[in-house]
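# Chains, contacts and geometry: an overview
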Amino acid sequence: MTSDDIENATESSRLTSVFCGMTFGTPLVLLSGCVGFGEEYTRIQGFSNRDVGAVCLKGTTGEARAGNSPHRVYETPGGMLNAIGLQNPGVDAVVRQILPGLDFSETRFIANVSGSSIEEYIEVTRRFDDSPIDAIEINISCPNVKEGGVAFGNDPAMSARVVEACRKVTDKPLITKLSPNQTDIAVNARGCIEAGSDAFAVINTLMGMAVDIETRRPVIGNDQGGLSGPAIKPVALLKVHQVYQVCREHAIPIIGQGGVASAEDALEFIIAGASAVGLGTALFYDPLICRKINHGIERYLLRHGVETVSDLVGSLTLNRGRPFQCGC
Amino acid sequence: MKHPDHRESIFQEDAEIISHDCHPCEQYVLRLRAPYCAAKARPGQFVHIRCGDALPMRRPISIMRVGDDRIDLLYKVVGAGTRLLSQRRVGESLNLLGPIGKPFPLNPERPRRLLIGGGVGMPPMIFLAETLKAAASDTFVILGSEIPFPFLPKPSALLVPGLPDSVIGAMPLLDDWGIASRLASLQGFAGCHQGYVTDLARAWLEHSDPGQLADTELFACGPHAMLEAVATVARDYTLPARLSLEEYMACGVGGCAGCVVEIHTPQGPTMKRVCVDGPVFKASEVFPV
């Protein structure tokens, strides 16, 4: 991305930041699993990948996966459940057929790597390392597959092993996507940093369920799914805050995500410690929301006399004067 | 850099409700001012509507008719989303995305077309029929419903050879277009066939000569069981058939892979997105032998 492109992408350089050495035109990141392989939302008139700093592509595995049986999505109060099951054409098809069709002058593209074994994570990461992709997100937190995913992410030692293995086969920025479905996310983050993670995406979905009372069966074909949307925002915000306590001493950036649906939501995450803010479910509500959030953040920065969005990151002042421990 | 052809093919509009008419059993016909969508919509496509602020996820609804700057939809209250939609009043706006999906493809080598719609699967058939007005004599529409039809059936002025004499009920709008139609229901509605839409389809096909059958293609939208029965009819007469499917949907633009159905291709089963890979699929790929 040239500097001219970045100027075109935003109305103000206030929104431009550097994330793991990558220039983000705006702090927004479109989340993996919500925007296919980067070109799906461009169907909508007025939508542009230029309005976001980066686009995370659909979770990719070594071989093609068909994914879960329907129903895969269901609206719940303040959010939705999903259980897609990592449907993807496999890394070879992604690298050979999809990446050449992406316009890298519009935004940064981040691959999302998933697998059932450490060997699969290594293989997929290696393939993306030898591709034009800008960065690699390690998904150790997918709640919707039987093997891998959150089975790795819930165990700090396993998480670190996956990160360490991927680190050995790529020099591209490595972002670890952390699960909220674990005892102490900060412990996991610390281990992943030591294993070589350059950044974090916080959080993936929370595990959830919905029941059809007429059939007395789960609505979701996979029985359980990942809960996203505004309902999970307070949980995500706290997780970002907790992970930031570990990250700031290492200058490790965070993509804060979970229920962001407005500029105000995005600002909360940035203040809590996120250098970039992920959008997922909100796109389903309003696919043209990115520009609105960008403008909202920009207006806030102007109103508060803050030079750039980076200056706001982690500017939270705690009421109790020390990092959050326990609410009781 | 060449971008995909699909770019900017879907519009987001705040569509004003022009009329919102209630029909029996919580069926509604909704007329919206949506000029961008109306200008591009084709039969088989749908809109993804935000029913109200209380339920921000959108609901996919088939397009029934288009005018200069408006679209007509038919829906039935089946859940919280359509319940909320039914409470919206004339003059209010609904945010919609559309038109979405691959429309019914028309094969010029099969100009004789049988359209079958069941329940809220009727709208795409009505839209398709309207675009076939110029070929009215080669088009036959069968509509089925287990609740009163969202229009007043009337005896048809158009003869359909091969059907029982008592089955004369038709959709007046289709009669106005010169397109023959007949109605089916298990509820014993006057002038309607007491049975399934596929009973009428078989009778019509049985009365067709080999040359006519070679020109015939089936199109259908409706409940899963009806679509499966239509696929069986198509297979029995060795006819191609196109089915419009539905599934719970999130993004509506191909981004989330939430609305997939299993499609059987020569390479094996695969999951296809109803929103942008469909909603129209080949019957033989939905219901393989």
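Residues numbered from 1 in each chain as written. Chains lettered and ligands numbered in written order. Predicted model: local features only at pLDDT ≥ 70, side-chain atom pairs only at ≥ 80, totals over all residues. Heavy atoms only, no water.

### Examining the state of the cysteines
For the coordinates displayed, the defined rule picks out zero disulfides over all chains. Unpaired in this structure, A:C247 has its nearest cysteine sulfur neighbour in A:C192, at a distance of 9.8 Å. Looking at A:C247, the relative accessible area reads 0%, which means it is buried. No disulfide involves B:C51; its sulfur sits 15 Å from the nearest other cysteine sulfur, which is in B:C37. A relative accessible area of 1% means that B:C51 is categorised as buried. (Disulfide = S-S within 2.5 Å. Buried < 20%, exposed > 50% of the residue type's maximum accessible area, 1.4 Å probe, protein only.)

### Comments concerning the domain arrangement of chain B
Residues and elements named next belong to chain B. Assigned domains within chain B: domain 1 (6-100) and domain 2 (112-243). Here the C-alpha centre of domain 2 lies 25 Å away from the C-alpha centre of domain 1. Contacts between the two partners involve 15 residues from domain 1 and, on the opposite side, 14 residues from domain 2. Regarding the contact of domain 1 and domain 2, the summed buried area is about 1,400 Å², with carbon and sulfur atoms giving 74% of it. For domain 1, the biggest contributors to the area lost against domain 2 are P43, R65 and L74; these three give 38% of the whole. Linking domain 1 to domain 2 there are one salt bridge. Close ionic contact of R65 with E130 constitutes a salt bridge, the shortest N to O distance being 2.9 Å. Put simply, the parts of the chain that give the side of domain 1 that touches domain 2 at least two residues each are strand 4 (55-66) and strand 5 (70-76). Here the side of domain 1 that touches domain 2 gets five residues from one element, more than from any other, and that element is strand 4. For the side of domain 1 that touches domain 2, the residue count by class is nine nonpolar, three polar and three charged. (Domains from an automatic or database assignment. Contact = heavy atoms within 4.5 Å. Buried area = accessible area lost by both parts, 1.4 Å probe. Salt bridge = Lys/Arg side-chain N within 4 Å of Asp/Glu carboxyl O. Helix = DSSP H or I, 4+ residues; strand = E, 2+ residues; numbered from the N terminus. Nonpolar A, V, L, I, M, F, W, Y, C, P; charged D, E, K, R; others polar.)

### Digging into the sheet that holds strand 1 (residues 11-23) of chain B
Residue and element names in this part refer to chain B. Read once around its circumference, the closed barrel built from six strands follows the order 1-2-5-4-3-6, with strand pairing classed as antiparallel. Across the sheet, the mean angle separating the axes of adjacent strands is 45 degrees when strand polarity is ignored. With three bridges joining them, strand 3 (residues 46-52) and strand 6 (residues 93-100) adopt antiparallel strand pairing. Pairing of I49 across the sheet is with L96, part of strand 6. Lying on the sheet, helix 3 (residues 122-131) is in contact with strand 4 and strand 5; it crosses strand 4 at an angle near 35 degrees. (Pairing = 2+ DSSP bridges. Axes fitted to C-alpha atoms, helices over the stretch in contact; angles between N-to-C directions.)

### Focus: the pattern of salt bridges
Scanning the model with the defined rule gives 25 salt bridges over all chains in all. Among the ionic pairs, A:K233 bridges to A:E268, the shortest N-O distance being 2.5 Å. Taken together, the residues span a long stretch of sequence, with A:K233 in helix 7 (residues 233-247) and A:E268 in helix 8 (residues 263-272) at a distance of 35 residues. You can call A:K233 buried: its relative accessible area is 13%. Assessed through its relative accessible area of 34%, A:E268 is described here as partly exposed. Here B:R273 makes a salt bridge to B:D277, at a shortest N to O gap of 3.1 Å. Taken together, the shared-partner salt bridges connect A:E40, A:R43, B:R273 and B:D277 into one network.

### Some remarks on the layout of surface pockets
By rolling a water-sized probe across the atoms, one finds the places where empty space is left. Here the second largest pocket is characterised by a volume of approximately 630 Å³. Taken together, 29 residues line the second largest pocket, and the ones lying closest to its centre are A:F37, A:Q87, A:P89, A:I98 and B:R273. Taken together, the elements giving at least two residues each to the lining of the second largest pocket come down to helix 2 (91-98) of chain A together with strand 16 (268-273) of chain B. Residues that form the lining of the second largest pocket fall into these classes: eleven nonpolar, ten polar and eight charged. (1 Å grid on protein atoms, 1.4 Å probe; cavity = no way out; pocket = protein on both sides within 12 Å on 5 of 7 lines; lining within 4 Å. Points joined across faces, edges and corners; volume = space filled by probe spheres on them.)

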